[in-house]
Amino acid sequence: MRSFNLAEAVHKIPSALEDMIVRGAYLEHSARELEQSRREQEVRLQTVRASQPPFLFLRPRETRMAFLSATHATTADLTVIDHAQAVNKRLCDHLRTCSEAMLEKWLSTHCEEYRLGLTAGHFATDWEKALMRFTEHAQAFIVALGAARNMASAGYDTARGVFSPGTYEAISHAHALGIKVEAEIAATNAIAMEHGKLLGKTVFNDPMPRLMQEPYAAVVAQIASHPAMVAQAEFNRVISAVEDLIHREVETLRRRVREAAQQHVARTESYVRNAWNQLHAHAVAHSVDAEHISAVVEQTERAYRDVLEATLMPA
């Protein structure tokens, strides 16, 4: 399946998973019946209490006993229903937990969309590593630019309009680091593009921002041909731009990546939950025989007796 398709899934899910989901459907029908019975018993109890004669303690013993017996019987019935509801809820919770885990494994093998969603989980790690590499190269680039700027102002031959050999070497070094910075920006943006390409048509789609790509290396290369004052201004401009990129754009993207990672986990969990809800609703509507509700519920209680014994006291 490309994406979860209920019509296909109901015929393909494992028999063990189907058994749990159908049992859960029977339990839901039973829960509705229990709730209706409880409401009726509450009304009955209110009616019995309302029928209490004034000065009951002065009434004949037969009258007192009849009233107390009716009250106790109705209260006892409520207690039985409450216990049955507790058993029902425990079984429903257990079957849902187990069947959701089983469904998740099945979806990860048979549903292409969900499988893509799981695969995309690595993007957050890739982004973090890419941003870390970029930051390291950008900081080294800033240091190199600062060194070249300082050398340029001190080693400029005004008469000839040239920098010192050391300054040209420093500019060349900064140029090489500028190339690396541009490459890391491209690598980071490529992750965002791959992410969008992989998930763009799925429910996991979450477009990510890109880092601004600037021709840092070309700008640095041109500085060598500028007069000292112009070169100084260009060095300062590039340094400021890269610092802004590190402290503003990268931090914004890093927060966005972490937020996306959290949302991605929520989406994968929601995907399984929604698929389970559809299967459950289908079973409730199409797989329950009203005549067999009591029998199936009793058999389910026997089948999962160990679960009940571990969490519930007997009535």
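Preceding this section is the structure that the text describes.
Predicted model only: the values in this text are computed from it and were never measured.

Student: Please give an account of the overall build of the protein that cites residues and values.
Tutor: Of the regular secondary structure elements, the protein holds 10 helices and two strands. Counting helices and strands in the order they occur from the N terminus, the protein gives α-α-α-α-α-β-β-α-α-α-α-α. Counting the 315 residues in the protein, one finds 36% classified as buried. Contacts spanning at least 24 positions in sequence make up 84% of the contacts within the protein whose residues lie at least 6 apart. Put simply, the protein shows about 17,600 Å² of open surface, and 56% of that area lies on carbon and sulfur atoms.

Student: Quick one: what's the story with helix 8 (residues 228–286), residue by residue and with numbers?
Tutor: Here helix 8 spans 83 Å end to end across 59 residues, near enough to the 87 Å set by a 1.5 Å rise per residue. Leu-245 marks where helix 8 bends most, by close to 35°.

Student: Go over the environment of Ala-224, please, and point to the residues and values.
Tutor: Among the secondary structure elements, Ala-224 is positioned in the loop between helix 7 (216–223) and helix 8. For the pair Ala-224 and Tyr-168, spaced 56 residues apart in sequence, the C-alpha to C-alpha distance is 6.9 Å. Among residues more than four places away in sequence, those in contact with Ala-224 are Phe-163, Tyr-168 and Ile-171.

Student: Describe the nonpolar core, and please don't skip the residues or the numbers.
Tutor: Among the nonpolar cores identified, the biggest contains 63 residues, and Leu-103, Leu-107 and Phe-141 are the most heavily contacted of them. Residue assignment for this core shows that the elements contributing at least two residues are helix 2 (15–50), helix 3 (61–110), helix 4 (112–119), helix 5 (123–154), helix 6 (165–199), helix 7 and helix 8. Of all the elements, helix 8 adds the most residues to this core, at 19 residues. Apart from residues lying up to four places away in sequence, Leu-107 is in contact with Phe-4, Tyr-114, Tyr-271, Val-272 and Ala-275. If you look at the next biggest cluster of nonpolar residues, it comprises 11 residues, including Tyr-26, Leu-91, Leu-95 and Leu-308.

Student: Which residues make up the pattern of salt bridges, and what values do they have?
Tutor: Taken as a whole and judged by the stated rule, the model has 18 salt bridges. Here Arg-32 makes a salt bridge to Glu-28, at a shortest N to O gap of 2.8 Å. With Arg-32 and Glu-28 both in helix 2 and four residues apart, this pair spans about one turn of that helix. Judged by relative accessible area, which is 45%, Arg-32 ranks as partly exposed. Of the charged contacts, one joins Arg-256 and Glu-259 as a salt bridge, the two residues approaching to 3.5 Å between their closest N and O atoms. Placement of the pair is Arg-256 and Glu-259 together in helix 8, with a separation of three residues, close to one helical turn. Judged by relative accessible area, Arg-256 falls into the buried class, the value being 18%.

Cut-offs and rules
Think of each chain on its own: its residues are numbered from 1, step by step along the sequence as written. Per-residue local features of the predicted model are confined to residues with pLDDT of at least 70, and side-chain atom pairs are confined, for both listing and counting, to 80 or more; whole-chain, interface and lining totals are unaffected and use all residues. The basis for every side-chain value is the complete set of non-hydrogen atoms in the structure, without hydrogens or water. The way it works is that DSSP assigns letters per residue, a run of H or I at least four long becomes a helix, a run of E at least two long becomes a strand, and they are numbered from the N terminus. The buried label goes to any residue with under 20% of its type's maximum accessible area, the exposed label to any with over 50%, and the partly exposed label to all in between, with areas taken from a 1.4 Å probe on protein chains only. Only heavy atoms matter for contacts: two residues are in contact if any of them lie within 4.5 Å across the pair. Accessible areas in this description were obtained via Shrake-Rupley with a 1.4 Å probe; residue shielding takes into account the shown protein chains only. In this analysis, the expected span of each helix is defined as 1.5 Å times one less than the number of residues it contains. In this analysis the local bend is the angle between axes fitted, respectively, to the seven residues ending at and the seven residues starting at the residue. In plain words, nonpolar cores are sets of buried Ala, Val, Leu, Ile, Met, Phe, Trp, Tyr and Cys residues tied together by side-chain atoms within 4.5 Å. Salt bridges are defined as contacts in which a side-chain nitrogen from Lys or Arg sits within 4 Å of a carboxyl oxygen from Asp or Glu.

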